[in-house]
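Observations on the three-dimensional arrangement
One-letter residues, chain by chain:
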Amino acid sequence: MTGKVVLMLIALELIALSINMFYEPSKVAAGGATGIAILLYEAVDVPTSFSVFGINIVMLVISYFYLERMTTVKLIFGSFVLPLFLLITPVINLIPHPFTSVIIGSIIFGIGLAILYR
């Protein structure tokens, strides 16, 4: 694997950790596809990983028509790997206080996004 792929995998796992160990246990929908997935989990008990996967597929179809081809190709990797990491990363409530959990989860999420966009 190339260095870029390894960094992407690390970044996506950090994002999955922040969702499964900080946001979801605290029932916080921070926004985006994962926020919608957490709301769906709370409302109708659909696993977060499945919802994120479905939302990502819809977004990929839209990106195909509105973004450059190379951008869409790059998005495909993350769109399949993040739901997989959400599925295999356990949901654990590491910090029972929701406010603290969201702060720590946001820091971890931000680090993951920074690595991913770098």
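Residues numbered from 1 in each chain as written. Predicted model: local features only at pLDDT ≥ 70, side-chain atom pairs only at ≥ 80, totals over all residues. Heavy atoms only, no water.

A word on the UniProt feature "transmembrane region" (unreviewed entry) in the protein chain
Feature annotation in UniProt places "transmembrane region" (unreviewed entry) on residues 6-23, 50-67, 74-92 and 98-117, given in this structure's numbering. Secondary structure content for residues 74-92 is 79% helix and 0% strand, while the C-alpha to C-alpha distance between its ends is 30 Å. Here residues 98-117 is 100% helix and 0% strand, with 27 Å between the C-alpha atoms at its ends. (UniProt positions renumbered as here; feature names shortened; annotations may be inferred. Helix = DSSP H or I, 4+ residues; strand = E, 2+ residues; numbered from the N terminus.)

As for helix H4 (residues 69-88)
The end-to-end C-alpha separation of H4 is 30 Å, in line with the 28 Å expected for 20 residues at 1.5 Å each. Within H4, the full set of buried residues consists of Thr 72, Gly 78, Ser 79, Val 81, Leu 82, Pro 83, Phe 85 and Leu 86. Where H4 is buried, its residues contact helix H1 (3-26) and helix H3 (48-66). (Expected span 1.5 Å × (residues − 1). Buried < 20%, exposed > 50% of the residue type's maximum accessible area, 1.4 Å probe, protein only. Contact = heavy atoms within 4.5 Å.)

Focus: helix H2 (residues 32-44)
Between its first and last C-alpha atoms H2 spans 18 Å; for 13 residues at 1.5 Å apiece the expected length is 18 Å, and the two agree. Looking at H2, one finds that the buried residues are Thr 34, Gly 35, Ala 37 and Ile 38. Buried residues of H2, seen end-on, are gathered within an arc of 160° and therefore sit on one face of the element. Exposed and oriented more than 90 degrees from the buried face of H2 are Gly 32, Leu 39, Ala 43 and Val 44. Among the structural elements, H1 and H3 are those in contact with the buried residues of H2. Directly beyond the C-terminal end of H2, a positive phi value near 60° is found at Asp 45. (Arc of directions from axis to C-beta.)

Details of the environment of Ile 10
Mapping Ile 10 onto the fold places it in helix H1. On the basis of relative accessibility, which here comes to 42%, the residue Ile 10 falls in the partly exposed class. Placed 35 residues apart in sequence, Ile 10 and Asp 45 show a C-alpha to C-alpha distance of 28 Å.

Examining the packing of H1 against H2
The N-to-C vectors of H1 and H2 enclose an angle of 55°; their axes lie 11 Å apart at closest approach. By the criterion of interaxial angle, the relationship of H1 to H2 is oblique. By crossing handedness, the relation of H1 to H2 is classed as right-handed. Of the residues in H2, those touching H1 at Ile 19, Tyr 23 and Glu 24 are Thr 34, Ile 38 and Tyr 41. (Axes fitted to C-alpha atoms, helices over the stretch in contact; angles between N-to-C directions. Parallel < 35°, antiparallel > 145°, perpendicular 65-115°, else oblique. Left-handed = near helix turned anticlockwise from the far one by under 90°.)

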